[in-house]
Amino acid sequence: MFNKLSEKKIQRYLRTSVIGRNIVYMPVCNSTNNIAKSDNSIPHGALITADTQTAGKGRLGRSWESEKGDGIYMSILLKPENLPSDTAQITLIAAIAVCRALGGGAKIKWPNDIVISARKVCGILTELSTGKIICGIGVNVNNKCFDSTLCDKATSLFLENGKKFRRERIIADILNIFEPMYSEFLLHGFAPFAEEYRRLCINIGKDARVIYNNREIIGKVCNITDNGELVLESDAEKILIDSGEVSVRGIYGYA
Ligand code: BT5
């Protein structure tokens, strides 16, 4: 058995003024991102969360393993007056917020993976839908194991620390950290966060294989720009990658 989440449990730890002040909690749903997308009555700043998802989504049509009661499945619904020009940067900011909340050895694999000891502990999926930004975050918290397809590349806070964590606490911590970051982002963009992102990013200085615009490029990651793009050096040429699939040598089995 696991401890079910509830609005009350999360609210206990929440210190925000807008983000997470409305909570939509469901024991089960298909995908918290889908609920945020389809229900137009949910207000700006709301948190949508569930104990499990039957159709948890990753990027590019991939799926997100949503073991009942073990993980965090949460979406933050944002309805800014003016949509920021680069909503992909929300993913990068959320990644920093998650790293700060998890502490310890949590690092970022550009753009949207949080890793501990070279294994994925969290994935972020930001989606746009008519005037809404939906920032979906999945964190493996109390998982004791993963199925054979994931066991080499996934980890959980329990597996890393040998103890159980309160999911409501971590959810609230992420929101507490995210709220002021989001305000700053609306005013000044990603640049104020670029330095911290670089410090947390495991890609810099590593060889990488990037699938970009249906083309495979092999090179070395030399930086992350103030806009959050990956700078890949390949054949003495510097290529700016603004989104895509990056395999880093030495992690998730890319040898
Ligand atoms: C992601 O996609 O990492 C984004 C995951 C976002 C999940 C959250 S949960 C709340 C919200 N509602 C949703 O429906 N989604 C969001 P991507 O970079 O495409 O990575 C997906 C890949 O990660 C899969 O193909 C697997 O290889 C791996 N994976 C799947 N489930 C995992 C898990 N629980 N832990 C670690 N890796 C996983």
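All of these numbers come straight from a predicted model, not from anything done at the bench.

Observations concerning the overall build of the protein chain
- For the protein chain, the count of helices and strands is six helices and twelve strands.
- For the protein chain, the C-alpha atoms occupy an extent of roughly 55 × 45 × 30 Å along the three principal directions.
- Expressed as a percentage of the 255 residues in the protein chain, the buried residues total 54%.
- In the protein chain, once contacts between residues fewer than 6 apart in sequence are set aside, the share between residues at least 24 apart is 61%.
- Element-wise, carbon and sulfur atoms account for 47% of the exposed surface of the protein chain, whose accessible area totals about 11,900 Å².

Looking at the pairing of strand 8 (residues 207–212)
- Residues of strand 8 alternate between two faces, with Ala-208, Val-210 and Tyr-212 buried on one and Asp-207, Arg-209 and Ile-211 left unburied on the opposite face.
- When strand 8 meets strand 9 (residues 215–224), the two strands line up antiparallel, connected through six bridges. Bridged to Ala-208 within strand 9 is Gly-219.

A few points about the site of the ligand
- In the neighbourhood of the ligand, 27 residues make up the surrounding shell, with Ser-31, Lys-57, Arg-62, Lys-120 and Asn-140 lying closest.
- A distance of 2.8 Å is found between an oxygen atom of the ligand and a side-chain nitrogen or oxygen belonging to Ser-31.
- Within the contact set of the ligand, a nitrogen atom lies 3.2 Å away from a side-chain nitrogen or oxygen of Thr-32.
- Protein contact buries 93% of the 800 Å² of open area that the ligand shows by itself.
- Contributing elements (two or more residues each) for the shell around the ligand: helix 2 (32–38), strand 3 (71–78), strand 6 (119–129) and strand 7 (132–140).
- Per-class residue counts for the shell around the ligand are eight nonpolar, twelve polar and seven charged.

What about the pairing of strand 10 (residues 230–234)?
- With four of its five residues buried, strand 10 lies for the most part within the structure.
- Note: strand 9 against strand 10, four bridges, orientation antiparallel. For Val-221, the partnering residue across the bridge sits in strand 10 and is Leu-232.
- Sheet analysis places strand 10 next to strand 11 (residues 237–241), joined by five bridges and oriented antiparallel. Of the residues in strand 11, the one forming a bridge with Val-231 is Leu-240.
- Two successive antiparallel strands, strand 10 and strand 11, enclose a turn made up of two residues, where Asp-235 displays a positive phi of approximately 50°.

Parameters and conventions
Residues numbered from 1 in each chain as written. Predicted model: local features only at pLDDT ≥ 70, side-chain atom pairs only at ≥ 80, totals over all residues. Heavy atoms only, no water. Helix = DSSP H or I, 4+ residues; strand = E, 2+ residues; numbered from the N terminus. Buried < 20%, exposed > 50% of the residue type's maximum accessible area, 1.4 Å probe, protein only. Contact = heavy atoms within 4.5 Å. Areas by Shrake-Rupley, 256 points an atom, 1.4 Å probe, with all protein chains shown as cover. Pairing = 2+ DSSP bridges. Near = heavy atom within 4 Å. Polar contact = N/O pair within 3.5 Å; in protein donor to acceptor, adjacent residues only side chain to side chain. Nonpolar A, V, L, I, M, F, W, Y, C, P; charged D, E, K, R; others polar.

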